[in-house]
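# Reading the structure
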Amino acid sequence: MQIKINRLTILSCHSILDQVAEDIAKGIAVDALPDKDIVVCIGAHKRFRGLRQKAGFKICVQTEHFLDARGQALWRKPRWFRMLTNLLLCDLMLDLSIYNKKVYRWLPRALKNKIVFGAKIFPSAPVQHVEGNGTAMFFGTVNARRKKLIGASEAYVTLDEGLFSAALDDKIANASAVLNVHFSTGVYTEYPRLLSAYLAGKPLVSETLSPDLEEVQPIIALLIFWSAMPSDPVLLVAELLTIHFQKA
């Protein structure tokens, strides 16, 4: 996928990363863009054909989690060949998770100096809460852990894994909240899912997220946490939304 916004080009080459690219593009303030050619590649572990020949300032976005907020190794290991290739070709790499910093410690200083960290993909303008149909929806890959925690409930709607772009946007727009269940046990944040929810004005009902989100305002106003899956999930969603937005 290629998205053009004035002199900014956003590239992606996988359906999940295409969704991330589209969501990032939605939050960009066109007037704030510098008058220069910029190329942003979503997915540092992917190959971007012809990247070497592209003119402009090149940024590669690293989206995967390697370590959680406690330093615990997660399910994904760095795909160094592709990541290093993109790091060499680009002027800057943005790793969305500051907790991944340790995995780069062996790199030479010249390459480490090209890496910045943080969830710098959210729009600068605040998004207001938008009510929905009373259900919380989950989208993404459903593994055994997620299937067990989400379970079967009329309050939680699990979408088909192949749903993206406008079709996914419509589903999020109709829901009251987006459900976030970690792929693996840990303390980390699924920034792209949070971005999709935030753009639609929907709260993210989630397991514990990483503490770096305290720096991302006003995202905090649309975060709701649970400590354990409840026996009555329909009541949970209704009560959480009511209490949360009465406080806001």
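Cut-offs and rules
Residues numbered from 1 in each chain as written. Predicted model: local features only at pLDDT ≥ 70, side-chain atom pairs only at ≥ 80, totals over all residues. Heavy atoms only, no water. Helix = DSSP H or I, 4+ residues; strand = E, 2+ residues; numbered from the N terminus. Buried < 20%, exposed > 50% of the residue type's maximum accessible area, 1.4 Å probe, protein only. Contact = heavy atoms within 4.5 Å. Areas by Shrake-Rupley, 256 points an atom, 1.4 Å probe, with all protein chains shown as cover. Pairing = 2+ DSSP bridges. Axes fitted to C-alpha atoms, helices over the stretch in contact; angles between N-to-C directions. Core = buried A, V, L, I, M, F, W, Y, C linked by side-chain atoms within 4.5 Å. pLDDT = per-residue confidence, 0-100. Salt bridge = Lys/Arg side-chain N within 4 Å of Asp/Glu carboxyl O. Phe/Tyr/Trp six-rings, centres within 6.5 Å; stacked < 30°, edge-to-face > 60°. Lys NZ or Arg CZ within 6 Å of the ring centre and 35° of its normal.

In terms of regular secondary structure, the protein chain is built from 7 helices and 11 strands. Residues classed as buried in the protein chain amount to 48% of the 248 residues present. Considering only contacts within the protein chain whose residues lie at least 6 apart along the sequence, 60% involve residues at least 24 apart. Approximately 12,400 Å² of the protein chain is accessible, and the part contributed by carbon and sulfur atoms is 54%.

In this section: the sheet that holds strand 3 (residues 38-42). In space, the 6 strands of this open sheet follow the order 1-2-3-4-5-6, with mixed pairing throughout. The strands lining the two open edges of the sheet, one partner per strand, are strand 1 (2-5) and strand 6 (115-117). On average, adjacent strands in this sheet sit at an angle of 20 degrees to one another, irrespective of strand direction. In terms of strand pairing, strand 1 meets strand 2 (residues 8-11) through 4 bridges, oriented antiparallel. Residue Ile-5 lies in a different strand from strand 2, and its bridge partner there is Leu-8. Running at roughly 155 degrees to strand 4 (residues 57-62), helix 2 (residues 80-89) makes contact with strand 4, strand 5 (92-95) and strand 6 of the sheet.

With that out of the way, let us pick up the pairing of strand 4. Judged by how many residues are buried, strand 4 sits mostly within the fold: 5 of 6 residues are covered. Across 5 bridges, the pairing between strand 3 and strand 4 is parallel. Following the sheet pairing, Val-39 is matched in strand 4 by Lys-58. Strand direction decides the pairing type here: strand 4 and strand 5, joined by 4 bridges, are parallel. Its bridge partner being in strand 5, Val-61 is matched across the sheet by Leu-94.

Right, let's talk about the nonpolar core for a bit. Counting 34 residues, the largest nonpolar core has Ile-10, Val-40, Ile-42, Ile-121, Phe-122, Met-137 and Phe-139 as the members making the most contacts within it. When contributions to this core are tallied by element, the ones reaching two or more residues are strand 1, strand 2, helix 1 (15-26), strand 3, strand 4, helix 5 (165-174) and helix 6 (191-199). In this view, Met-137 contacts Val-157, Leu-159, Leu-168, Lys-171, Ile-172, Ala-175, Ala-177, Val-178 and Leu-179; residues no more than four positions away in its chain are not counted. In this structure, Ala-44, Cys-60, Val-103 and Tyr-104 belong to the second largest nonpolar core, which totals 19 residues.

What follows is about the confidence of the model for the protein chain. Mean pLDDT for the protein chain: 86, with 84% of residues reaching 70 or above. Note on residues 227-248: pLDDT is under 50 here. Beyond four places in sequence and across chains, it has 30 contacts.

Time to look at helix 6. Counting buried residues in helix 6 gives 7 out of 9 residues, a clear majority hidden from the surface. Where helix 6 is concerned, the buried positions are Tyr-191, Arg-193, Leu-194, Leu-195, Ser-196, Ala-197 and Tyr-198. Trailing helix 6 by a residue or two, Gly-201 shows a phi angle of about 75 degrees, which is positive.

Under the definition given, this model contains 8 salt bridges. Two residues, Asp-35 and Arg-7, come together in a salt bridge whose shortest N-O distance is 2.9 Å. Pair noted here: Asp-35 is in the loop between helix 1 and strand 3 and Arg-7 is in the loop between strand 1 and strand 2, with a separation of 28 residues, a long-range link. In this structure Asp-35 comes out as exposed when scored by relative accessible area, which is 67%.

Moving on to the environment of Phe-66. Secondary-structure assignment places Phe-66 in the loop between strand 4 and helix 2. Exposure remark for Phe-66: the relative accessible area of 3% places this residue in the buried category. On a C-alpha basis, the gap between Phe-66 and Pro-78 in space is 6.9 Å, while along the polypeptide they are 12 residues apart. Beyond its immediate stretch of four places on either side in the chain, Phe-66 contacts Gln-72, Ala-73, Leu-74, Arg-76, Lys-77, Pro-78, Met-83, Asn-100, Val-103 and Tyr-104.

Applying the stated criterion across every chain yields a total of 6 aromatic pairs. Between the aromatic rings of Trp-80 and Trp-106, the centroid separation amounts to 5.1 Å while the plane-to-plane angle is 85 degrees, which identifies the pairing as edge-to-face. In this pair, Trp-80 sits in helix 2 while Trp-106 sits in the loop between strand 5 and helix 3 (109-112), placing the two residues 26 residues apart along the sequence. Looking at Trp-80, the relative accessible area reads 24%, which means it is partly exposed. Arranged with centres 6.5 Å apart and planes meeting at 80 degrees, the rings of Phe-122 and Tyr-198 form a pair that is edge-to-face. On the criterion of sequence distance, the pair formed by Phe-122 in the loop between strand 6 and strand 7 (136-138) and Tyr-198 in helix 6 is long-range, its members being 76 residues apart. On the basis of relative accessible area, Tyr-198 is assigned to the buried category, the value being 1%. Of the aromatic side chains, those joined through ring pairs into one cluster are Trp-80, Tyr-104, Trp-106 and Phe-117. Between the NZ or CZ atom of Arg-193 and the centre of the ring of Phe-139, over which it lies, the distance is 5.5 Å.

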